[in-house]
Amino acid sequence: SLILNDLKQISTAIVVYGGEVGKTILNDLKEKNIPTIGIPVDGESRVNVKISSSSETAINLPSPKMDENSFNNLLKEIENIPSESILVISGRLKGIISIDMANTLMKITLKNKLKVILDISDSEYVSMLNYPNYEELGILSNIEIKDATDMISINKACEKLSNLGVKRILVSLGRLGAYYYENRLENFFIQTHQVNTHNTVGAGDSLLGAFIFYYAE
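Small disclaimer: the values here were computed from a predicted structure and weren't measured.

(A) Region of interest: the overall build of the chain. Scanning the chain for helices and strands turns up seven helices and 10 strands. Expected size for 217 residues packed as a compact globule is a radius of gyration near 17 Å; at 17 Å, the chain falls within 12% of this value. Counting across all 217 residues of the chain, residues that qualify as buried make up 36%. As presented, the chain carries roughly 13200 Å² of accessible surface, and 51% of it is formed by carbon and sulfur atoms. Here the chain contributes 21 positively and 26 negatively charged side chains, and the mean placements of these two sets differ by 4 Å.

Listed below in structure tokens is the structure:
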């Protein structure tokens, strides 16, 4: 939503939040005049720590789990989203909600004809777009991908997800750029501008936000 807001594209952020960290995130969005709906949960919203030196290290703390009451509140908000709208699901599903809850969530998105984009690393659900990095793509497809230059394996993994019903796949390749796959005939590599990188936090969100902006246009 922050990226879309900068691009003058209206969106609504549905934030599952907990504790002081969650309140800070919620308030920050509201201060930027981004339409925001908060779904409170017990526990503290996840904190991610990035350590940048000669290499980058990420320390991601666990997220709070959703109970039945907070999950039902989330479903009510999703049921109110107009059909054909784009719904981006970010973060994690496994360990946060039960398998039955996740299945219920995805059934509602199908029933309401929402265009679902999955920006999560642990889901094989069918969507309009899956947005993994190459490591997450390897996990989702169960295909070994050596690194971001292993385009043969990346293409095979995309083809496998496509055969399972995923309509589009946008794979983040870090400093090399990204790879877009829609079908065997419609796929291409997106090269990035080379810059001196000080911090990569938010780079993936920026790419996805730009994709959503142009898709919505």
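(B) Broad picture of the nonpolar core. Formed by 22 residues in total, the largest nonpolar core has its most connected members in M66, F71, I78, I89, L93, I97 and L105. Mapped onto this core, the elements with two or more residues apiece are α3 (68–79), β5 (86–91), α4 (99–111) and β6 (115–120). If one sorts the elements of this core by residue count, α4 sits on top with five residues. When neighbours within four sequence positions are excluded, M66 is seen to be in contact with V16, I39, V41, F71, L74, I96, I97 and M101. Y134, L137, L140 and Y181 belong to the second-largest nonpolar core, a separate cluster that totals 15 residues.

(C) Seen up close, the environment of L164. Looking at where L164 falls in the secondary structure, it is placed in the loop between α6 (151–163) and β8 (169–172). The exposed category is assigned to L164, whose relative accessible area is 52%.

(D) Representation of the pairing of strand β3 (residues 48–52) in the model. In the sheet, β3 pairs with strand β4 (residues 56–60) via five bridges, with the strands oriented antiparallel. Pairing of N48 across the sheet is with N60, part of β4. Hairpin remark: β3 followed by β4, antiparallel, with three residues in the connecting loop.

(E) Spatial organisation of helix α7 (residues 203–216). For α7, built from 14 residues, the straight-helix expectation of 20 Å at 1.5 Å per residue is met to within 8% by its first-to-last C-alpha distance of 20 Å. Those residues of α7 that sit buried are L208, G209, F211, I212 and F213. Among the structural elements, α1 (2–6), β5, β6, β7 (129–130), β8 and β9 (177–181) are those in contact with the buried residues of α7.

(F) Examining the packing of aromatic side chains more closely. The final tally for this structure, using the stated rule, is four aromatic pairs. Consider the rings of F211 and Y215, whose centres lie 6.2 Å apart with planes at 15°: the pair is stacked. Taken as a pair, F211 and Y215 lie in helix α7 at a separation of four residues, close to a single helical turn. Using a relative accessible area of 18% as the deciding quantity, one classes F211 as buried. Here the aromatic residues Y180, F188, F211 and Y215 are joined through ring pairs into a cluster of three or more.

(G) Structural view of the pattern of salt bridges. The full count for this structure, using the stated rule, is three salt bridges. Across the pair K23 and E20 runs a salt bridge, and its minimum N-O distance is 3.7 Å. Of this pair, K23 and E20 are both found in helix α2 (residues 19–31), three residues apart, which corresponds to roughly one turn of the helix. Residue K23 is classed as partly exposed on the basis of its relative accessible area, which comes to 41%.

Criteria and cut-off values
Residues numbered from 1 in each chain as written. Predicted model: local features only at pLDDT ≥ 70, side-chain atom pairs only at ≥ 80, totals over all residues. Heavy atoms only, no water. Helix = DSSP H or I, 4+ residues; strand = E, 2+ residues; numbered from the N terminus. Rg over C-alpha atoms; globule rule 2.2 N^0.38 Å. Buried < 20%, exposed > 50% of the residue type's maximum accessible area, 1.4 Å probe, protein only. Areas by Shrake-Rupley, 256 points an atom, 1.4 Å probe, with all protein chains shown as cover. Lys, Arg positive; Asp, Glu negative; His and termini not counted. Charge placed at Lys NZ, Arg CZ, Asp CG, Glu CD. Core = buried A, V, L, I, M, F, W, Y, C linked by side-chain atoms within 4.5 Å. Contact = heavy atoms within 4.5 Å. Pairing = 2+ DSSP bridges. Expected span 1.5 Å × (residues − 1). Phe/Tyr/Trp six-rings, centres within 6.5 Å; stacked < 30°, edge-to-face > 60°. Salt bridge = Lys/Arg side-chain N within 4 Å of Asp/Glu carboxyl O.

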